[in-house]
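# Structure at a glance
Read off the chains here:
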Amino acid sequence: MKKIFILFSFLSTLLSCKIEVEKLTTEKVENSNKVKVLNLGVFHMGETSDAHKTEFDESKNRKEIKDICFQISKFKPTIIFVEIEPYYNKELNGLFEKYKKNPKINTELSGSEVQLLGFEIGRLSNTQYIYGFDHQLGYNYDLSEFAKKIKANQYLQIETILKKQDESFKLKPTLKETYLLLNSQESYDYSINTNADILTYVNSKDSFEGADEAAKFYQRNLRMFANINKVDTKKSDRILIISGAAHASFLNEFMKRSPKYELEDIKKYLN
């Protein structure tokens, strides 16, 4: 009887292992049908309509920019999205074609991450087309004065906490370190908190002033994600997205839940 019990236990364990292997195999097959995405959050290097801009000296960082472009080009993107509105796509790709023929050319996008990163990675990867996916939608991200007026103490307390965290997300000595930081989960969470979620703590008794402003930023990013989804892709495509870190934070959330996309780890390419 004891031998039969041992045999039964062994067969049960074997069956359980077989089911687990089949499950992992199925998941692997399902993932292989997803479009691979590399989501790169950056700071804006050149002119930008965004509220936040970082002073950046291209000449001092030229070599490191080239190195980063070379490393990321190993992802071999077939499609690149940049933070420009889609109506500009024709002009954007006209400039891209000129750049591919002469990388030393100065275009109206010179000095921006669109040319320094997007065009150069596209050139190295032989990417055929670059898409703009931005969607402008204004909102008031600073409700500090209104918070003081209505005595929204929770907002003011959280604002203090986030300001202390801000030091942790300053630019690092190298671009590579900065990009790795900006694309960490800690930075994603901080970025969504400081750009949107904090506003949900500043609302008057009978209204939702802060929540409605935060919703505008969520809406902007959802529309940017929708612009990506408007582009027809096949499973063999490899998508590189280059955008400001706040947008990358939202895109990370949308992409990782999507049954269509599979996010690649940026550390795999910026090692």
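All values derive from a computational prediction rather than experimental measurement. (Residues numbered from 1 in each chain as written. Predicted model: local features only at pLDDT ≥ 70, side-chain atom pairs only at ≥ 80, totals over all residues. Heavy atoms only, no water.)

## Details of the packing of helix 8 (residues 185-195) against helix 10 (residues 245-257)
It is the contact of helix 8 with helix 10, at a shortest axis distance of 8 Å, that shows an interaxial angle of 110°. Relative to helix 10, the element helix 8 is oriented roughly perpendicular. Taken as a pair, helix 8 and helix 10 cross one another with a handedness that is left-handed. Contacts between helix 8 and helix 10 involve Q185, S187, Y188, S191, I192 and N195 from the former and A245, A246, A248, S249, F250, N252, E253 and K256 from the latter. The residue makeup of the contact of helix 8 with helix 10, split by class, is 6 nonpolar, 6 polar and 2 charged. (Axes fitted to C-alpha atoms, helices over the stretch in contact; angles between N-to-C directions. Helix = DSSP H or I, 4+ residues; strand = E, 2+ residues; numbered from the N terminus. Parallel < 35°, antiparallel > 145°, perpendicular 65-115°, else oblique. Left-handed = near helix turned anticlockwise from the far one by under 90°. Contact = heavy atoms within 4.5 Å. Nonpolar A, V, L, I, M, F, W, Y, C, P; charged D, E, K, R; others polar.)

## Details of the pairing of strand 4 (residues 238-244)
Taking burial as the measure, the 7 residues of strand 4 include 6 buried ones, the bulk of the element. Bridge count between strand 1 (residues 35-42) and strand 4: 7 bridges; the pairing is parallel. Residue pairing across strands places L38 opposite L240, the latter belonging to strand 4. (Buried < 20%, exposed > 50% of the residue type's maximum accessible area, 1.4 Å probe, protein only. Pairing = 2+ DSSP bridges.)

## Structural notes on the side chain of Q71
Looking at the secondary structure, you find Q71 in helix 2 (residues 58-73). Not counting the four nearest positions on each side in its chain, Q71 is found in contact with K176, Y269, L270 and N271.

## Considering the pattern of salt bridges
Under the counting rule described, the total for this entry stands at 16 salt bridges. The shortest N-O distance in the salt bridge between E264 and K36 comes to 3.9 Å. With E264 in the segment after strand 5 (261-263) and K36 in strand 1, this residue pair connects regions lying 228 residues apart in the sequence. For R123, the salt bridge is made with E120, and the minimal N-O distance between the two is 2.8 Å. Of this pair, R123 and E120 are both found in helix 4 (residues 113-125), 3 residues apart, which corresponds to roughly one turn of the helix. (Salt bridge = Lys/Arg side-chain N within 4 Å of Asp/Glu carboxyl O.)

## Side note on unusual backbone geometry
One non-glycine residue with positive phi stands out, namely K76, at about 55°. A positive phi is found at K151, a non-glycine position, where the angle reads about 55°. Mapped onto the secondary structure, K151 falls in the loop between helix 5 (144-149) and helix 6 (153-166). K151 gets classed as exposed once you look at its relative accessible area, which sits at 65%.

## Focus: the nonpolar core
Among the nonpolar cores identified, the biggest contains 34 residues, and L92, L117, F119, Y179, L240 and I242 are the most heavily contacted of them. Of all hydrophobic cores here, the second largest spans 33 residues; its members include I79, A147, A196 and I198. (Core = buried A, V, L, I, M, F, W, Y, C linked by side-chain atoms within 4.5 Å.)

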